[in-house]
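# Structural overview for review
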Amino acid sequence: MSPSAPALLNLVTVIVVTYNSAHCLAALHPLLQHCPHIIVSDNASGDDTAAQAQARWPQAVVMKHERNLGFGAANNRALAQVQTPFALLLNPDCEMSVAQLQQLLAVADQFPEAAMLAPQLVDAHGQPEVNYRWPSTLWVSKGPAASGPISVGFVCGAAMLLRMGVCRPTGFFDETFFLYYEDDDLCLRFFKARLPMVIVPQVQTLHRSRGSVKGKSPWRSEYWRGYHHAQSKITFVAKHFGGHEASKKRYRLIGITTVALCIRVLLPSPKHIARMVGRFRGLINYQNPFQ
């Protein structure tokens, strides 16, 4: 017999990694106020996120890290504390309802071999995002969108339901990736281990992309986004294709970024210029962690 709807929530620990994300807490509240198991893994926020989360959800375990550990590492610290059969990794800029989480858990009951399940992410206008595909290392995904639960090779890390007993032997995030591409790496390792990942398109979760960080220096945030995205992109290539391919990719991206930066200067947009400068700096400073 399948568990009742309220009992389903007792099967999952919701993990939210925060960094200056106090402005996101109100939108998370409709779900989290009903969840008995919550872990907030806070990456040394300077906007009182941790204290506000603890006050809003007294049942939550709030982990206050002394420094910004990065997305994957902060998730790993929380995952090590999970004692429920499932863990839901939910970005602060994602809004999921109780009914949606219950539906995702009900589908998980239909696929007991699945290591991971994920909803269909939609943007603020209700348009579906491309948050799943086959491994980009193997072939390019094409064709119509999924119309029902289906096994895939990658799901975006913004919202992932992990079946802990199946996932633990393979492990979770590689902390070599500070930010970005840690979900690509995790899904590729699951795919190679033949652990099914299932997209559930009927469960649609709002994703306010890039909305999880808000601070006094938005241009600085954009700079670091570009920096870490560039570094993680090359690290992913180095890990899965080798140092030679990573070096080729790095020099190619330096050329592309140089041209793009010149265009951005001619068509000024401070946000995009800051991100492009960060990307260029990340590529110039890159050192292969696997050598």
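Structure first, text after, so check above.
A brief report on the enclosed structure follows. These figures come from a predicted structure and were not determined experimentally.

The rules behind these values
- Residues numbered from 1 in each chain as written.
- Predicted model: local features only at pLDDT ≥ 70, side-chain atom pairs only at ≥ 80, totals over all residues.
- Heavy atoms only, no water.
- Helix = DSSP H or I, 4+ residues; strand = E, 2+ residues; numbered from the N terminus.
- Buried < 20%, exposed > 50% of the residue type's maximum accessible area, 1.4 Å probe, protein only.
- Contact = heavy atoms within 4.5 Å.
- Phe/Tyr/Trp six-rings, centres within 6.5 Å; stacked < 30°, edge-to-face > 60°.
- Lys NZ or Arg CZ within 6 Å of the ring centre and 35° of its normal.
- 1 Å grid on protein atoms, 1.4 Å probe; cavity = no way out; pocket = protein on both sides within 12 Å on 5 of 7 lines; lining within 4 Å.
- Points joined across faces, edges and corners; volume = space filled by probe spheres on them.
- Nonpolar A, V, L, I, M, F, W, Y, C, P; charged D, E, K, R; others polar.

Inspection of the secondary structure assignment puts Glu 113 in the loop between helix H5 (98–110) and strand S6 (116–122). Residue classification places Glu 113 among the partly exposed positions, given a relative accessible area of 46%. Each C-alpha atom of the pair Glu 113 and Ile 254 lies 42 Å from the other, and the pair is 141 residues apart in sequence. Glu 113 has contacts with Val 166 and Pro 196, leaving out every residue within four places of it along the chain.

For strand S10 (residues 159–163), a buried count of five out of five residues is recorded, marking the element as mostly surrounded by other parts of the structure. Alternating positions in S10 separate into two faces, Ala 159, Leu 161 and Arg 163 on one and Met 160 and Leu 162 on the other, with burial throughout.

Turning our attention to the packing of aromatic side chains. Tallying each qualifying case throughout the model produces seven aromatic pairs. Pairing Trp 134 with Trp 139 gives two aromatic rings, centres 5.7 Å apart and planes at 45°, and the pair type is tilted. For Trp 139, a relative accessible area of 42% gives the class partly exposed. With a centroid separation of 5.8 Å and 40° between ring planes, the pair formed by Tyr 181 and Phe 236 is classed as tilted. Here Tyr 181, found in the loop between helix H6 (164–167) and helix H7 (182–192), pairs with Phe 236, found in helix H8 (residues 218–241); they are 55 residues apart in sequence, far enough to count as distant. Here Tyr 181 falls in the buried class, since its relative accessible area comes to 15%. Ring pairs connect the aromatic residues Trp 134, Trp 139 and Phe 191, which therefore count as one cluster. In this structure, Arg 133 packs its charged tip against the face of Phe 154, placed 4.0 Å from the ring centre.

Our focus in this paragraph is empty space enclosed by the protein. For the structure on display, the rule yields two cavities of 30 Å³ or more. Taken as a whole, the largest cavity spans an internal volume of roughly 50 Å³. Together, Arg 133, Pro 135, Ser 136, Thr 137, Gly 153, Phe 154, Asp 184, Cys 187, Leu 188 and Phe 236 line the largest cavity. At three residues, the largest contribution of residues to the lining of the largest cavity is made by H7. Within this model, the second largest cavity holds a volume of roughly 40 Å³. If you trace the second largest cavity, you find it lined by Ile 15, Val 16, Val 17, Phe 71, Asn 75, Leu 89, Leu 90, Asn 91 and Gly 157. Going through the elements one at a time, strand S1 (12–18), helix H4 (71–79) and strand S4 (86–90) are the ones with two or more residues in the lining of the second largest cavity. With three residues, S1 is the single largest residue contributor to the lining of the second largest cavity. Of the residues assigned to the lining of the second largest cavity, the class counts are six nonpolar, three polar and no charged.

As far as function goes, none of this settles anything; it's purely spatial.
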